[in-house]
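Okay, here's what each chain looks like letter by letter:
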Amino acid sequence: TKISSVSSLKRGDLVYFNTISDSDLSDHAGIYLGAGFFMHASSGQKKVVISTLASGYYNRVFSWGRRVFD
């Protein structure tokens, strides 16, 4: 299932982001943890980190989510 709204995400959903202004819609991915947080590999920090989707950068560049398991 493709998810177009951050508010519709559930724990375990894959999340995709358009972080580079180019012709594709997905340059970065993570796993939604619930309560507005997701984990992803940060190239800047060179480690796996937990970030918020509630507001800010990742909320702005959110493209879609995918539900792998129902």
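The structure we're discussing is the one just above.
Note that the structure is predicted; figures quoted are calculated from it, not measured.

1. So, the side chain of Arg67
Turning to step 1, where the next piece is worked out: For Arg67, the location among the structural elements is in the segment after β6 (62–66).
Turning to step 2, where the next piece is worked out: On the basis of relative accessibility, which here comes to 16%, the residue Arg67 falls in the buried class.
Turning to step 3, where the next piece is worked out: Residue contacts for Arg67: discarding those within four places in its chain leaves Thr1, Ile3, Ser8, Leu9, Lys10 and Asp13.

2. Notes on a nonpolar patch on the surface
Turning to step 1, where the next piece is worked out: There is a patch of nonpolar side chains on the surface, built from Ile31, Phe37, Met39, Val48 and Ile50 and spanning about 450 Å² of accessible area.
Turning to step 2, where the next piece is worked out: Of all the secondary-structure elements, those providing two or more residues to the nonpolar patch are β4 (37–42) and β5 (47–52).
Turning to step 3, where the next piece is worked out: Among the secondary structure elements, Ile50 is positioned in strand β5.
Turning to step 4, where the next piece is worked out: Ile50 sits in the exposed class, given a relative accessible area of 58%.

3. Observations regarding the nonpolar core
Nonpolar side chains tend toward joint burial in soluble globular proteins.
Turning to step 1, where the next piece is worked out: Ile3, Leu9, Val15, Phe17, Tyr32, Phe38, Leu53, Tyr58, Val61 and Phe62 form the largest nonpolar core, which has 10 residues in total.
Turning to step 2, where the next piece is worked out: Counting residues per element, the ones that place at least two in this core are β2 (14–17) and α1 (57–61).
Turning to step 3, where the next piece is worked out: Leaving out residues up to four positions away in the same chain, Tyr32 has contacts with Leu9, Lys10, Arg11, Gly12, Asp13, Val15, Phe37, Phe38 and Leu53.

4. A look at unusual backbone geometry
Turning to step 1, where the next piece is worked out: Look at Ala35: it is not a glycine, yet its phi comes out positive at around 55°.
Turning to step 2, where the next piece is worked out: Inspection of the secondary structure assignment puts Ala35 in the loop between β3 (28–34) and β4.
Turning to step 3, where the next piece is worked out: Of note, the phi angle at Lys46 is positive, near 55°, even though the residue is not glycine.
Turning to step 4, where the next piece is worked out: Take Lys46: it is sitting in the loop between β4 and β5.

What counts as what
Residues numbered from 1 in each chain as written. Predicted model: local features only at pLDDT ≥ 70, side-chain atom pairs only at ≥ 80, totals over all residues. Heavy atoms only, no water. Helix = DSSP H or I, 4+ residues; strand = E, 2+ residues; numbered from the N terminus. Buried < 20%, exposed > 50% of the residue type's maximum accessible area, 1.4 Å probe, protein only. Contact = heavy atoms within 4.5 Å. Patch = residues over 30% accessible without salt bridge, like charges linked within 9 Å, V, L, I, M, F, W, Y side chains within 5 Å. Areas by Shrake-Rupley, 256 points an atom, 1.4 Å probe, with all protein chains shown as cover. Salt bridge = Lys/Arg side-chain N within 4 Å of Asp/Glu carboxyl O. Core = buried A, V, L, I, M, F, W, Y, C linked by side-chain atoms within 4.5 Å.

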